[in-house]
Amino acid sequence: MKILVTGGTGFLGRHLVWRFAASGADVVFTGRRALSAAEVCHQSPKPVRWQPVTHGAPDAESVLTRATEQADVVVHCAALSAPWGRTEDFYRSNVASTSEVLAACHATGVRRLIHISTPSLYFDFKDHLNIREDQRLPQPANEYVRTKAYAETLIRANPAPETVILRPRGLFGPWDQALVPRLLRVMQNGGIPLMRGGRIKLDLTYIDNAVEAVWLAATQPLPASLVTYNVTNGEPRELSALLGLMAQEFRIPLRTQPMPWKVVDLMARGLETAAQLNNGKEPPFTRYSAGMLAFSQTLDISAVRSALGYQPDVTISEGIRRHAEWWRGRPGSTSA
């Protein structure tokens, strides 16, 4: 089986490359940075091939088409996931990349496409529990969400013969450069704003569980030609409990600052306005990133369990322990 993984130098992408390679698949992965690609190749259990590509460039579609030749499955992970950034960067990374992948799949006759989307599509600064995949989507909360929603629209309008859209929530684990590192930095540098008593509930997904979901999406029979699935650990936790567990496992003081959401909301709006007037530099936090810690969001994963047999084997507690152990073992690391 030949598999192409776009964004294979990223967090989820590299883990997928390693999992598919270990299974004996012929794996090609894309990315922009040669040093990151070399790291992925070096740590792969079996040889894999890197194909450099810059999404949005004039040659991106033709490069992807050549890389996709004779592929059975394409997993589209490449994306810009951030709470702040330029519209053109989000469009290039999330929309143009998806259009290029679709064109390559249709040109070479790829049978199955797996598109990594986001449950941020559900977010609207309100509490929502047990969200199903067919819930009506609100207006996008920011440019990241807007471009990911557009990417899903492109997929639905022109799918591969078999297409799976996955919406994994809150990925964490070794090589995470976003979720947990950001929380740790804020904890170390003053404290995380704890709104509504920290009692909001949220879902996370340990990286191995997310990889398993993608593996099943790539290898199992599908109930329809186009399906969409939420992916989480299936064990919602209160924010305050999660932060306490992280502090314990990463061996850092638990620092939080109880604050009303209305105050944090006003601060975030002010910071965003100032950032826009200051060459667009990312503010210390955005309304979106603060809101993700102020409102409950949990997902119903019964569909992926039933259709694909998904079973998250690594618990959140064990996942945080593994992540912390890896974090402390990094070269030159003395603490979190």
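Bear in mind the structure is a predicted one, so any value in this text is a computation, not a measurement. (Residues numbered from 1 in each chain as written. Predicted model: local features only at pLDDT ≥ 70, side-chain atom pairs only at ≥ 80, totals over all residues. Heavy atoms only, no water.)

Asker: Report on the nonpolar core, specifying residues and quantitative values.
Answerer: Counting residues in each nonpolar core, the largest one holds 82 residues, and the members touching the most others are Leu12, Phe20, Val75, Ile114 and Leu166. Tallying contributions element by element places helix H7 (residues 207–219) first for this core, with nine residues. Among the nonpolar cores identified, the runner-up in size contains 18 residues, and Leu64, Val74, Leu113 and Ile165 belong to it. (Core = buried A, V, L, I, M, F, W, Y, C linked by side-chain atoms within 4.5 Å. Buried < 20%, exposed > 50% of the residue type's maximum accessible area, 1.4 Å probe, protein only. Helix = DSSP H or I, 4+ residues; strand = E, 2+ residues; numbered from the N terminus.)

Asker: Pulling in residues and values, what's your account of the packing of aromatic side chains?
Answerer: Two aromatic rings, taken as a pair, are described by how far apart their centres are and by the angle between their planes. Counted under the stated rule, the structure contains 13 aromatic pairs. Taking the centre distance of 5.8 Å and the plane angle of 90 degrees together, the rings of Phe123 and Tyr288 count as edge-to-face. Here the residue Phe123 occupies a position in the loop between strand E5 (112–116) and strand E6 (128–131), and Tyr288 occupies one in helix H10 (residues 287–291), the gap between them amounting to 165 residues. Relative to Trp327, the ring of Phe250 lies with its centre 6.1 Å away and its plane at 75 degrees, an arrangement referred to as edge-to-face. Taken together, the positions of Phe250 in helix H8 (residues 239–250) and Trp327 in helix H12 (residues 316–328) put the pair 77 residues apart, joining distant regions of the chain. Both residues of the pair, Phe250 and Trp327, belong to the buried class. By the ring-pair criterion, three or more aromatic residues cluster together here, those being Trp18, Trp175, Phe250, Trp326 and Trp327. Over the ring of Phe125 we find Arg287, and its NZ or CZ is 4.0 Å from the ring centre. It is Arg330 that lies over the ring of Trp327; its NZ or CZ is 3.9 Å from the centre. (Phe/Tyr/Trp six-rings, centres within 6.5 Å; stacked < 30°, edge-to-face > 60°. Lys NZ or Arg CZ within 6 Å of the ring centre and 35° of its normal.)

Asker: Help me get a handle on helix H1 (residues 11–22), residues and values and all.
Answerer: Helical geometry note: an α-helix holds 3.6 residues per turn, so side chains three or four residues apart project in the same direction. Relative to the 16 Å expected for 12 residues at 1.5 Å per residue, H1 spans 17 Å between its end C-alpha atoms, a close match to the ideal helical length. The element H1 is extensively covered by neighbouring structure, given that 10 of its 12 residues are classed as buried. Directly beyond the C-terminal end of H1, a positive phi value near 100 degrees is found at Gly24. (Expected span 1.5 Å × (residues − 1).)

Asker: Could you give an account of unusual backbone geometry, with specific residues and numbers?
Answerer: In this structure, Phe125 is a non-glycine residue whose phi angle is positive, near 60 degrees. Tracing the sequence through the fold places Phe125 in the loop between E5 and E6. Taking the relative accessible area as the measure of exposure, Phe125 reaches 17% and is therefore buried. Although it is not a glycine, Arg196 adopts a positive phi angle of roughly 55 degrees. Within the secondary structure layout, Arg196 lies in the loop between strand E9 (192–194) and strand E10 (201–202).

Asker: Let's hear about the sheet that holds strand E3 (residues 49–52): which residues, and what values?
Answerer: Reading across from one edge, E3-E2-E1-E4-E5-E7-E12 is the order of the seven strands in this open sheet, with parallel pairing throughout. On the outer flanks of this sheet lie E3 and strand E12 (226–231), each paired with one strand and no other. Neighbour to neighbour, the strand axes of the sheet diverge by 20 degrees on average, direction disregarded. On top of the sheet, helix H3 (residues 60–68) reaches strand E1 (2–6), strand E2 (26–31), E3 and strand E4 (73–76); it is set at about 150 degrees to E1, its chief contact. Contacts from H7 reach E4, E5, strand E7 (162–168) and E12 within the one sheet, and its direction differs from that of E5 by about 155 degrees. (Pairing = 2+ DSSP bridges. Axes fitted to C-alpha atoms, helices over the stretch in contact; angles between N-to-C directions. Contact = heavy atoms within 4.5 Å.)

Asker: Go over the pattern of salt bridges with me, naming the residues and quoting the values.
Answerer: Counted under the stated rule, the structure contains 20 salt bridges. Between Glu162 and Arg112 there is a salt bridge, and its shortest N-O distance comes to 2.9 Å. You can see Glu162 sitting in strand E7 and its partner Arg112 sitting in strand E5, a full 50 residues away along the chain. Accessibility expressed as a relative area gives 8% for Arg112, which makes it buried. Measuring nitrogen to oxygen at the nearest pair gives 3.0 Å for the salt bridge that ties Arg146 to Glu143. Of the two residues, Arg146 and Glu143 both sit in helix H5 (residues 143–157), three residues apart, roughly one turn of that helix. On the basis of relative accessible area, Arg146 is assigned to the partly exposed category, the value being 39%. A cluster of three or more residues bridged by salt bridges with shared partners is formed by Asp208, Glu318, Arg321, Arg322 and Glu325. (Salt bridge = Lys/Arg side-chain N within 4 Å of Asp/Glu carboxyl O.)

Asker: Account for the packing of helix H6 (residues 179–188) against H8, with residues named and values stated.
Answerer: As a packed pair, H6 and H8 sit with axes 11 Å apart at the nearest point and diverge in direction by 85 degrees. Overall, the two elements H6 and H8 adopt an arrangement that is roughly perpendicular. Contacts between H6 and H8 pair Val180, Leu183, Leu184 and Met187 from the former with Leu243, Met246, Ala247 and Phe250 from the latter. Of the residues belonging to the contact of H6 with H8, the class tally is eight nonpolar, no polar and no charged. (Parallel < 35°, antiparallel > 145°, perpendicular 65-115°, else oblique. Nonpolar A, V, L, I, M, F, W, Y, C, P; charged D, E, K, R; others polar.)

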